[in-house]
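Residue-level structure breakdown
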Amino acid sequence: MLDLDLDLEADLGVDTVKQAETFAAIRLAWDIPRDDDLALRDYPTLAHAIEFVYTHRPDLRGETSAADAAPAPPEAAASPDQAHEVGDAEPGVYRRVPTAILRPPLDLCAGTGVALDGAARVVVRADRGGVAEALAARLEKLGVEVLALEDNEPEAVIARLEGWLEAGPICGVYWLPALDRAAELTEMTPADWRQAITSRVHLLYTTMRTLYDAIGEAGTFLISATRLGGLHGYDDESAWAPLGGAVTGFTKAFKRER
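Parameters and conventions
- Residues numbered from 1 in each chain as written.
- Predicted model: local features only at pLDDT ≥ 70, side-chain atom pairs only at ≥ 80, totals over all residues.
- Heavy atoms only, no water.
- Helix = DSSP H or I, 4+ residues; strand = E, 2+ residues; numbered from the N terminus.
- Buried < 20%, exposed > 50% of the residue type's maximum accessible area, 1.4 Å probe, protein only.
- Core = buried A, V, L, I, M, F, W, Y, C linked by side-chain atoms within 4.5 Å.
- Contact = heavy atoms within 4.5 Å.

Quick notes on unusual backbone geometry
If you check the backbone angles, D31 has positive phi at about 55° while not being a glycine. Take D31: it is sitting in the loop between α1 (16–30) and α2 (46–56). On the basis of relative accessible area, D31 is assigned to the exposed category, the value being 66%.

Here is the structure:
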C-alpha cells in the first residue's frame, strides 16, 4: 500500500516530530549510531529512509530485500486473536484487529485524582439522547454543581465560561454532542455539515481554549463521548458517526498538550 516514493510529510502526513521519532526507532532497530548532523529534509521519502539504513549498515545491502530487512511489526508477533493476516495478502502483511476485553475491577485501576463531591463544579455539554440528563442527575446526587453549557455561538460560550470561572474553579468537562448520530454525508447540505462540525468540534475547541488554564492540572479532567460504535470504526459496520473521530482526535491532542 505504501509506494517507496511517497513523501513522508506531503503524502503520508508524517510531520517532522514523527519523522525524528521514526529515525530514532530505525537507529535502534539496526544499531545505527546517532548522527547530530542528520538533516531530516535529506530523507523525504520511504526510499530515502531505507537508503539511510543501507548507508550506515552496508552489511545489510544485498543480503535481504527492503521488505525483508524491515523489523516485523508488533502485530506479527501478536497472538492470532490479536492480529490476523488479511485474506490473500502477501505473507507478513498484517492489520490491527481490536480484541474486546473485560475491564478490570476498579480496585485494580489507578486512581484519577478527581474528586466529584460538593466542592466540584463541572461543565456538561449535552447530547440530544438523554445521556446528559442522566449524568447530571448522578452528579447532583454527589453534590457536584453541574454547569450546563447550552450556548451555540463561540462568543456566547466564551462569555458563559468566563462568568463561571469568576464564580469559582471548574474541575472538569463532559462533552457529549458527538453521541448524536449525524446524517449521512451524502444527505447533508453545506449548512448541515457546518452545524455538525461546530456543535461537536469547534465549540469543544472554544470551550477548552477558554478553560485552558483551569483544565490540565491534577484533579481536573476532560471526558468526551462519541458514537463510533465502541471499536472506533475497526469493525465490519465501520464507524456509525465518523464526525466523532474529530472529537476523539481533539481530546487525545488536548491530553498530550496538557
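Re the nonpolar core
Counting 21 residues, the largest nonpolar core has V123, V173 and M208 as the members making the most contacts within it. Put simply, the parts of the chain that give this core at least two residues each are α5 (154–167), β5 (172–175), α6 (190–210) and α7 (244–257). Broken down by element, this core gets its largest block of residues, four residues, from α6. Not counting the four nearest positions on each side in its chain, V173 is found in contact with V123, M208, L211, I215, F221, L222 and I223. In terms of nonpolar packing, the next biggest core, distinct from the first, is built from 12 residues, A120, V122, L139 and L176 among them.

Side note on the side chain of T206
Among the secondary structure elements, T206 is positioned in helix α6. Among the residues examined, T206 registers a relative accessible area of 11% and is labelled buried. Ignoring sequence-local partners within four residues, the contact set of T206 consists of P154, V157 and I158.

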